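Per-entry structural report
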Amino acid sequence: MQTHLLSTRTISPLSNGCAATASASSLSMAARLRRLPSGLQSVTGRGKFSLAAITLDDYLPMRSTEVKNRTSTGDITSLRLITAVKTPYLPDGRFDLEAYDSLINMQIEGGAEGVIVGGTTGEGHLMSWDEHIMLIGHTVNCFGTRIKVIGNTGSNSTREAVHATEQGFAVGMHAALHINPYYGKTSIEGMVSHFVAVLPMGPTIIYNVPSRTAQDIPPEVIMAISGYPNMAGVKECVGHERVKHYTDKGIAIWSGNDDECHDSRWKYGATGVISVASNLVPGLMHSLMYEGENATLNEKLLPLMKWLFCQPNPTALNTALAQLGVARPVFRLPYVPLPLEKRIEFVNIIEAIGREKFVGQKEVRILDDDDFVLISRY
């Protein structure tokens, strides 16, 4: 029997009474294995909880320069503004890396400290894994010394999540973003086991967005994994009460809702925001996260934030960046541009906030339907 190392600590008992204890058979097997130090036990094989056969001593030691250059969890938990960056396309559907690089530079100049590559906003779900890892590697290679690169390597398949995360860290990403298994869904114990499988690889942000996964990540799951050294925190979309529940326990939280991020940050203790709006107004979002309570600025930005989610993200953002002239009006299906009345509304929002506050240098345009290219094969 092979025993695989999946984590480096014991899972806490879950609140539904299902304690993470080993069966008699797995304990008897474990007795024949080299015992790990206390606290270095793991979930393994067929849902059983048993001792792992591999100790940390079995790995080759890192050289001091390798240790020095690794990103620590603390490097991630200090970030206040992280942009879930858009992926722009060429007319044939391939990545427009020139436009992408320009977008990243605008984020850096606007004060963003990190970017999520290939997240929901970046349409990672429309990418092959080769595209996904290539874009993470490209971002690290070009910008990794100026901004933290957080790769979305989550999946509803634990196998895929593990493999993608290994590749992401191999190409240099600073942290991983992981969602709970969606569509097929799983049990509380399954969620914990899924996250435990990826946490040993490097700093990790857990992403809770039930509106997309159809399953909440309850606090008992987060508490079960909160002691792992690589657990950086949670991108939380459930609301202020959940944010406060975690921040009271010292867990780093990023608001996943632009329209709630000001209050989450200044009234409920959130570290910051993982933002869609900062694709458009990074400087203003930086001010919102760094310069104290500012209800006036927040109110000024709320119409833009609400407009961005008038249809499922990233439909509105894609439309906005095209009208600003910083990305080609190319959509990978199933996304399509917003209707004309919403495109006109965006121009009015820009006039209210000020064109100079938005990314890009071109004059905003109201694009016609025929200006957009919709790609089904890419």
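Up top is the structure these notes are about.
This write-up is about the structure you can find in this document. Everything quoted here is computed from the prediction, not taken from an experiment.

Definitions and cut-offs
Residues numbered from 1 in each chain as written. Predicted model: local features only at pLDDT ≥ 70, side-chain atom pairs only at ≥ 80, totals over all residues. Heavy atoms only, no water. Helix = DSSP H or I, 4+ residues; strand = E, 2+ residues; numbered from the N terminus. Buried < 20%, exposed > 50% of the residue type's maximum accessible area, 1.4 Å probe, protein only. Lys, Arg positive; Asp, Glu negative; His and termini not counted. Salt bridge = Lys/Arg side-chain N within 4 Å of Asp/Glu carboxyl O. Contact = heavy atoms within 4.5 Å. 1 Å grid on protein atoms, 1.4 Å probe; cavity = no way out; pocket = protein on both sides within 12 Å on 5 of 7 lines; lining within 4 Å. Points joined across faces, edges and corners; volume = space filled by probe spheres on them. Nonpolar A, V, L, I, M, F, W, Y, C, P; charged D, E, K, R; others polar. Pairing = 2+ DSSP bridges. Axes fitted to C-alpha atoms, helices over the stretch in contact; angles between N-to-C directions. Patch = residues over 30% accessible without salt bridge, like charges linked within 9 Å, V, L, I, M, F, W, Y side chains within 5 Å. Areas by Shrake-Rupley, 256 points an atom, 1.4 Å probe, with all protein chains shown as cover.

**Topic: the side chain of D258**
Within the secondary structure layout, D258 lies in the loop between β9 (253–255) and α11 (261–267). Within the buried set, D258 has no salt-bridge partner at all; the shortest N-O distance to an opposite charge, 8.2 Å, is to K235. If we skip the residues at most four places from it in the chain, D258 touches V273, S275, V276, A277, M285, M305 and F309.

**With respect to the layout of surface pockets**
Computed from the structure, the second largest pocket encloses a volume of approximately 440 Å³. Looking at the second largest pocket, it is lined by 21 residues, and the ones nearest its centre are G124, H125, N152, G154 and Y182. Contributing elements (two or more residues each) for the lining of the second largest pocket: α5 (129–143), β6 (175–179) and α8 (210–213). For the lining of the second largest pocket, the per-class residue count stands at seven nonpolar, 12 polar and two charged.

**Brief notes about the pairing of strand β10 (residues 272–275)**
Here three bridges tie strand β3 (residues 81–84) to β10, and the two strands are oriented parallel to one another. Following the sheet pairing, T83 is matched in β10 by S275. With two bridges connecting them, β9 and β10 associate as parallel partners. Each residue of the ladder has a partner; that of W254, found in β10, is G272.

**Considerations on helix α12 (residues 282–290)**
Those residues of α12 that fall on the buried side of the exposure criterion are P282, L284, M285, S287, L288 and M289. Where α12 is buried, its residues touch β3, α4 (97–110), α11, β10, α13 (295–308) and α15 (340–353). Just downstream of α12, G292 is the residue with a positive phi angle, here 80°.

**Describing the sheet that holds β3**
With parallel pairing, eight strands are arranged side by side around a closed barrel as β3-β4-β5-β6-β7-β8-β9-β10. The mean angle between the axes of side-by-side strands here comes to 25°, regardless of whether they run parallel or antiparallel.

**Focus: a nonpolar patch on the surface**
There is a patch of nonpolar side chains on the surface, built from L333, V336 and L374 and spanning about 210 Å² of accessible area. Assignment of secondary structure puts L374 in strand β12 (residues 373–375).

**As for the pattern of salt bridges**
Counted under the stated rule, the structure contains 11 salt bridges. R328 is the partner of D96 in a salt bridge, and the nearest nitrogen-oxygen pair spans 2.4 Å. With D96 in the loop between β3 and α4 and R328 in the loop between α14 (315–323) and β11 (330–332), the pair connects residues that are 232 residues apart, well separated along the chain. Taking relative accessible area as the criterion, D96 reaches 5% and is therefore assigned buried. Owing to a relative accessible area of 40%, R328 belongs among the partly exposed residues under this scheme. Across the pair D263 and K267 runs a salt bridge, and its minimum N-O distance is 3.8 Å. Taken together, the residues D263 and K267, both in helix α11 and four residues apart, mark about one turn of the helix. With a relative accessible area of 24%, D263 lands in the partly exposed category.

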